[in-house]
Structures are given as C-alpha cells and as structure tokens.
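Residue-level structure breakdown
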Amino acid sequence: AEGNSSFFTHYSLLITHYFYMLPQLFWFSRQRAVKINQNYIRALVTSALPQCLAKARYATSSLPSMIEVSFLNDRAIAKVHADFCNDPSPTDVITFRHSPELGEILIGVPTVVGHAKKFHQSVDHEMALCVIHGLLHLLDYDDINENERRLMHREQDFLLQHAISMSKCASI
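Residues numbered from 1 in each chain as written. Predicted model: local features only at pLDDT ≥ 70, side-chain atom pairs only at ≥ 80, totals over all residues. Heavy atoms only, no water.

1. Some thoughts on the nonpolar core
Counting residues in hydrophobic clusters, the biggest one holds 37 residues, and the most contacted among them are Val45, Phe71, Ile105 and Ile107. At the level of secondary structure, the elements contributing two or more residues to this core comprise β1 (24-30), α2 (38-54), β2 (66-72), β4 (102-108), α4 (109-118), α5 (123-138) and α6 (146-170). When near neighbours in sequence (up to four residues on either side) are disregarded, Ile107 contacts Val69, Ser70, Phe71, Leu72, Ile77, Asp92, Val93, Val112, Met127, Cys130 and Val131. Of all hydrophobic cores here, the second largest spans six residues; its members include Leu72, Ile77, Val80 and Ile94. (Core = buried A, V, L, I, M, F, W, Y, C linked by side-chain atoms within 4.5 Å. Buried < 20%, exposed > 50% of the residue type's maximum accessible area, 1.4 Å probe, protein only. Helix = DSSP H or I, 4+ residues; strand = E, 2+ residues; numbered from the N terminus. Contact = heavy atoms within 4.5 Å.)

Here it is, written out as structure tokens:
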C-alpha cells in the first residue's frame, strides 16, 4: 500500500506542476458577421492544451503564459496580413509571439467559414482547428515548406481529434 501512496503522491505533483504550465487564454470576438460557439471552441482548445505542450516541436519550445485569441473579420485580418506579411489578402490564422509571456492568435472568421464548407466540417470545428494551428506556431512549428506543412497538419488533426474524444468522454 505504501508503494501506491508514493506513486499517487508523485503523480499528483506531476499533474499539479503540469497544470501550472498551461497558459491562460483570453478570448475576443472582434467580428459580428458569423455566429460562433465560443464556449465549444474554448472547451476543445482547453482540452487540447496539455497534448499541445506534449507535442512541442523542440525541447526548448514553450507556450507564452498568456495568449490572446481574437476572431476577426476579413478587413481586419487582411490589414494585419498586409502589415506584417506583405500580403493584403485575408487569411485564416496569424500568430505572434510578443514575448515569453504574451502570444496572440488571430483567426480570420470568413476565411475559416470557407474552409469549413470546403472540408465539410462545422464552422466551430474549423475554428478550434485554427486555434490549435496557432498554438503549434507558438510551439515553433512552421508550415513554410511542404514537409513542415504536412507535419503541422498531422499534429493539429491529432490534437483536435484527441480533444473531441476527451470531450465525448467527459460528457458520458
């Protein structure tokens, strides 16, 4: 019995330590055109956070302690895309690491709605996938070449499916 007690104490300490490494997410909808279920998206992304950390690209990769997630209209995300990427077109996800403490994930809602239709997914599913994509960028993944893009997409698909399965287990 003493061995089990030691195991559970150690396990408890690991879980507590892991919990405190999770970033705080701050959610903002800065668009009005598309109704999204922020509670569902937030639940999936929060469920995916521990696995995201476990999938960090490098041993030195980490998430900022605070991450702002903003849902934007086409005009707003196109302006950011133009200002920081020299591309004036709207896009689905833009990610910034401002400091070790602060990150930002911008979601282009109309573009994501188009992706949802194209890939036969719900808008909320595609929104959660884009936020997870942004988290992976903050964990040093990149999608600038085909091999990296495939790796990143494989990881984000796994993370979202894991979060969905965890949310189904929690609702049983």
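2. Quick look at the packing of aromatic side chains
For the coordinates displayed, the defined rule picks out two aromatic pairs. Geometrically, the ring pair formed by Trp27 and Phe71 is stacked, given 6.2 Å between the ring centres and 20 degrees between the ring planes. Here Trp27 is found in strand β1, whereas its partner Phe71 is found in strand β2, with 44 residues between them in sequence. Ring centres of Phe84 and Phe96 lie 5.0 Å apart, and the angle between their planes is 70 degrees; this geometry places the pair in the edge-to-face category. Of this pair, Phe84 sits in helix α3 (residues 74-85) while Phe96 sits in strand β3 (residues 93-97), and the two are 12 residues apart along the sequence. For Phe96, a relative accessible area of 16% translates into the label buried. (Phe/Tyr/Trp six-rings, centres within 6.5 Å; stacked < 30°, edge-to-face > 60°.)

3. Observations concerning the pattern of salt bridges
Applying the stated criterion across every chain yields a total of six salt bridges. Between Asp83 and Lys79 there is a salt bridge, and its shortest N-O distance comes to 2.9 Å. In this pair, Asp83 and Lys79 both sit in helix α3, four residues apart, roughly one turn of the helix. With a relative accessible area of 47%, Asp83 lands in the partly exposed category. Its salt-bridge partner being Glu146, residue Arg150 comes within 3.5 Å of it at the nearest N-O pair. Here the residue Arg150 and the residue Glu146 both occupy positions in helix α6, the gap between them amounting to four residues, near one helical turn. Within the structure, one salt-bridge network assembled from shared partners comprises Glu146, Arg149 and Arg150. (Salt bridge = Lys/Arg side-chain N within 4 Å of Asp/Glu carboxyl O.)

4. So, the sheet that holds β4
Strand order in the open sheet formed by four strands is β1-β2-β4-β3, and the pairing between neighbours is mixed. With partners counted over all chains shown, the strands left at the sheet margins are β1 and β3, one partner each. Within this sheet the neighbouring strands show an average axis-to-axis angle of 15 degrees, counted without direction. In the packing of α2 onto the sheet, contacts are made with β1 and β2, and the angle to β1 comes to roughly 155 degrees. Contacts from α3 reach β2, β3 and β4, with the element oriented near 55 degrees to β3. (Pairing = 2+ DSSP bridges. Axes fitted to C-alpha atoms, helices over the stretch in contact; angles between N-to-C directions.)

5. Quick word on the environment of Leu72
Locating Leu72 in the fold gives a position in strand β2. For the pair Leu72 and Leu106, spaced 34 residues apart in the sequence, the C-alpha separation amounts to 6.9 Å. Each residue touching Leu72, except ones within four places of it in the same chain, is listed here: Arg30, Gln31, Ile77, Leu106, Ile107, Gly108, Val109 and Pro110.

6. As for unusual backbone geometry
We note that His120 has phi near 55 degrees; this positive angle belongs to a residue other than glycine. Looking at the secondary structure, you find His120 in the loop between α4 and α5. Residue classification places His120 among the exposed positions, given a relative accessible area of 72%. Despite not being glycine, Asp140 shows a phi value in the positive range, around 75 degrees. As for its placement among the helices and strands, Asp140 is situated in the loop between α5 and α6.

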